[in-house]
Amino acid sequence: MPRRVTPTMLITALLLAALVGCSTDAPVRRAPAAPEPTAPATPQVPAGHAPENPYPVGVRDLKLNRDGRALPVRIWYPALGENGPVTPGLLGAHGRFPVVMFSHGLGGRPDDYATLLTRWAAAGFVVAAPTFPHTSRGADNNVLDVLNQPADVSYALDQVLALDSKADDQLQGRLDADRVAAAGHSAGGVTPIGLFTASRDKRLDAGVVFAGTALGVGTAFAGAAAPQLFVHGELDEVVEYAAGRAAYDKVPWPKAMLSLPKGDHGRTMLKDKAALRVVSDTSIEFLRWSLYGDADAKKRISTDATRGDIATFDDHL
């Protein structure tokens, strides 16, 4: 059932109008070529260890609809050749891959984040990103609809996980419903916070918030502990750094914040090669630890985060 938006929530959500324009430049039409795969020494990664070698990445689309809300979902996944089947000999822990649900920013689309999301998929994660009906590029940009997006993501997660048992599907038997994270940028960063607060989805084990804020969804984090990684530019011209920091400070679970002193609302993070490397490497190690349970990955998080003079790192993991 869709989450009901109350008048009080609407009044609060008016503050989200500051998120207008949070898209990141022109969309990337295709995911960049993934690194050439190197077969691991063993056919299956042991439990407690994330895959060490990159996978080729496939891309596919689902056409979903939640009670009249069109929700097309783009999926990046570890695969053998573009859009080919998952390689049985290159499986993650327990033969299944963790799932990451990603939410785009206001006026954006999933492909805007293709470079980052392809890197996540190459590292051994199935990444699913809905295009929201009212906050995507070309839609009516109704910022109040951000409050309905946590329910959209939970519904999309239902449908993505259902592929695991769908006969002859590319992802049949490859999705781990017990290892799931939510992530998002800007208005899409409000969405994962909502999934851990007012619209808590108990299936979620971790969150990654890029340039996000808790406006409209609150900071009443609930449920079992779920580690959180926040990433925010200190020169963010759309969502003030202080707003992201305030939400981060309220997280009661293991958490870390990657701060980019020269970072803006997203272009630096996603377009600057040096910043993108720090952001992608840090977030990958975080996901390896929080979803695969890889203790060695946890040790590498702070090293990747503080490489060069790109970022500072507040570590409470």
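Remember, predicted model here, so these are calculated numbers, not experimental data.

J.: Please provide a residue-by-residue account of the overall build of the protein chain, values included.
T.: Within the protein chain, the regular secondary structure consists of eight helices and 11 strands. Of the roughly 12,600 Å² of accessible surface on the protein chain, 54% is carried by carbon and sulfur atoms.

J.: Before we move on, can you summarise the pairing of strand β9 (residues 228–233) with the specific residues and values?
T.: For a regular strand, side chains alternate in direction, first toward one face of the sheet and then toward the other. Of all six residues making up β9, six are buried, and the element is well covered by its neighbours. Alternating positions in β9 separate into two faces, Gln228, Phe230 and His232 on one and Leu229, Val231 and Gly233 on the other, with burial throughout. In this sheet, strand β10 (residues 255–260) lies alongside β9 in parallel orientation, the contact comprising six bridges. By the bridge assignment for β10, Val231 is matched with Leu258. Each parallel crossover has a hand, and the one from β9 via helix α5 (residues 241–250) to β10 is right-handed.

J.: Can you tell me about the environment of Leu175, naming the residues and giving the values?
T.: By the secondary structure assignment, Leu175 is in strand β7 (residues 175–185). We classify Leu175 as buried; its relative accessible area is 3%. Once residues lying within four places of it in the same chain are set aside, the contact partners of Leu175 are Arg96, Phe97, Val99, Val126, Val160, Leu161, Leu163 and Asp164.

J.: Help me get a handle on helix α7 (residues 273–292), residues and values and all.
T.: The terminal C-alpha atoms of α7, which comprises 20 residues, lie 27 Å apart, in line with the 28 Å expected from a rise of 1.5 Å per residue. Burial analysis of α7 places 16 of its 20 residues in the buried class, the great majority of the element. Residue Asp272 occupies the N-cap position of α7, its side-chain oxygen lying 3.3 Å from the main-chain nitrogen of Ala274. Phi for Gly293, located one or two positions after α7, is positive at around 70 degrees.

J.: Provide a residue-level description of the side chain of Thr131, including the pertinent values.
T.: Looking at the secondary structure, you find Thr131 in the loop between β6 (126–130) and α3 (149–162). Exposure remark for Thr131: the relative accessible area of 11% places this residue in the buried category. Residues contacting Thr131, with those up to four places away along its chain left out, are Ala70, Leu71, Pro72, His104, Arg109, Pro110 and Ser136.

Criteria and cut-off values
- Residues numbered from 1 in each chain as written.
- Predicted model: local features only at pLDDT ≥ 70, side-chain atom pairs only at ≥ 80, totals over all residues.
- Heavy atoms only, no water.
- Helix = DSSP H or I, 4+ residues; strand = E, 2+ residues; numbered from the N terminus.
- Areas by Shrake-Rupley, 256 points an atom, 1.4 Å probe, with all protein chains shown as cover.
- Buried < 20%, exposed > 50% of the residue type's maximum accessible area, 1.4 Å probe, protein only.
- Pairing = 2+ DSSP bridges.
- Right-handed = clockwise from strand over helix to strand, strands pointing away.
- Contact = heavy atoms within 4.5 Å.
- Expected span 1.5 Å × (residues − 1).
- Polar contact = N/O pair within 3.5 Å; in protein donor to acceptor, adjacent residues only side chain to side chain.

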